[in-house]
Amino acid sequence: GALGLTTASEDNDGDGTASPVTTQKQQTPASELPWLNIREKDGSLTELGVTITSAIAAGTETIDSLKQQYRISKTTAEQLSAIKPSSAETPGPISGHWYAKLDKCKSKDDLDKLALDNKETIQANPELKAVFKEYYGALKAGLA
């Protein structure tokens, strides 16, 4: 510094030369992050769940980027990884609107109607077909 004086931040090794001041971005330890809950107890998507599934489907969010903001359970990670971002190579990806439609189905009849109305889309998309099967399973188990 001026007048040959140094401050602790300028000379932290005591050799009379200034050391570069490094500032590191403090990353919150994973144990302090909030849990990411995308589903309600009844199995329907939370408001945040709709936002996140839509963002992943749109390709604006990834599981890796979410891990910097939330703790993600194995089950939630599996559900999120089933959502494929839209791209030219992926015909009819599972977007958040499918989950919103499926969450409105409160009975097997509701699910059957949705499946029948979208039969061609579902047949052409194995991931979507798997999601429908998951919902049928949840209805049978009485979770939905």
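Data block above holds the structure.
Each chain carries its own residue numbering, running from 1 in the direction its sequence is written. This being a predicted model, a pLDDT of at least 70 is required before a residue's local features are given, and a value of 80 or more before pairs of side-chain atoms are given or counted; all residues contribute to the totals for chains, interfaces and linings. Heavy atoms from the whole structure form the basis of all side-chain values; hydrogens and water molecules are not counted.

Draft legend 1. Broad picture of the overall build of the protein chain. Secondary structure assignment for the protein chain yields seven helices and zero strands. Helix numbering and strand numbering both begin at the N terminus, where a helix is a DSSP run of H or I of at least 4 residues and a strand a DSSP run of E of at least 2. Going from N to C terminus, the protein chain has its helices and strands arranged as α-α-α-α-α-α-α. Only protein chains enter the accessibility calculation, which uses a 1.4 Å probe. A residue is then buried if its area is under 20% of the maximum for its type, exposed if over 50%, and partly exposed in between. Here the protein chain, with 144 residues, has 28% of them falling under the buried criterion. By the convention used here, residues are in contact when the closest approach between their heavy atoms is within 4.5 Å. Considering only intrachain contacts with a sequence separation of at least 6, the fraction spanning at least 24 residues in the protein chain is 55%. Accessible area for the protein chain stands at about 9700 Å²; split by element, carbon and sulfur atoms hold 54% of it. Surface accessibility in these figures is a Shrake-Rupley result with a 1.4 Å probe; residues are shielded only by whichever protein chains are displayed.

Draft legend 2. Representation of helix 7 (residues 126-140). Given a helix with a known number of residues, its expected span is that number minus one, times 1.5 Å. Under the 1.5 Å per step criterion, the end-to-end length of helix 7 is 21 Å for 15 residues, consistent within 8% with the ideal 21 Å. Among the residues of helix 7, Leu128, Val131, Phe132, Tyr135 and Leu139 are the ones counted as buried. Buried residues along helix 7 cover an arc of 100° about the axis, so they all sit on one side. The exposed set on the far side of helix 7, more than 90 degrees from its buried face, consists of Pro126, Lys133 and Lys140. Tucked inside the fold, the buried residues of helix 7 contact helix 4 (96-104), helix 5 (108-117) and helix 6 (119-124). Sitting at the amino-terminal end of helix 7 is Asn125, which places a side-chain oxygen 3.1 Å from the backbone nitrogen of Glu127. With its phi angle positive at about 80°, Gly142 sits one or two positions after the end of helix 7. Directions from the helix axis toward the C-beta atoms define the arc. Polar contact is defined as a pair of N or O atoms within 3.5 Å, subject to the rule that within protein one atom must be able to donate a hydrogen and the other to accept it, and that residues adjacent in sequence are counted only when both atoms are side-chain atoms.

Draft legend 3. The nonpolar core, seen in detail. What makes a nonpolar core is a set of buried Ala, Val, Leu, Ile, Met, Phe, Trp, Tyr and Cys residues whose side-chain atoms join them at distances within 4.5 Å. Counting 25 residues, the largest nonpolar core has Leu36, Ile52, Leu66, Leu80, Leu102, Leu111 and Phe132 as its most contacted members. Elements with a minimum of two residues in this core: helix 1 (47-58), helix 3 (74-81), helix 4, helix 5 and helix 7. No other element matches helix 7, which puts five residues into this core. Residues within four places of Leu111 in sequence aside, it is in contact with Leu102, Cys105, Phe132, Tyr135, Tyr136 and Leu139.

Draft legend 4. Quick look at the pattern of salt bridges. A side-chain nitrogen of Lys or Arg and a carboxyl oxygen of Asp or Glu constitute a salt bridge if their distance falls within 4 Å. This structure, assessed with the given rule, holds three salt bridges. Across the salt bridge formed by Asp103 and Arg39, the nearest N and O atoms sit 3.8 Å from each other. Linking Asp103 in helix 4 with Arg39 in the segment before helix 1, this pair joins segments that are 64 residues apart in sequence. Its salt-bridge partner being Lys113, residue Asp117 comes within 2.9 Å of it at the nearest N-O pair. Residue Asp117 and its partner Lys113 are located together in helix 5, separated by four residues, close to a single helical turn. Like Lys113, Asp117 is exposed.

Purely geometric stuff here, so don't read any function into it on its own.
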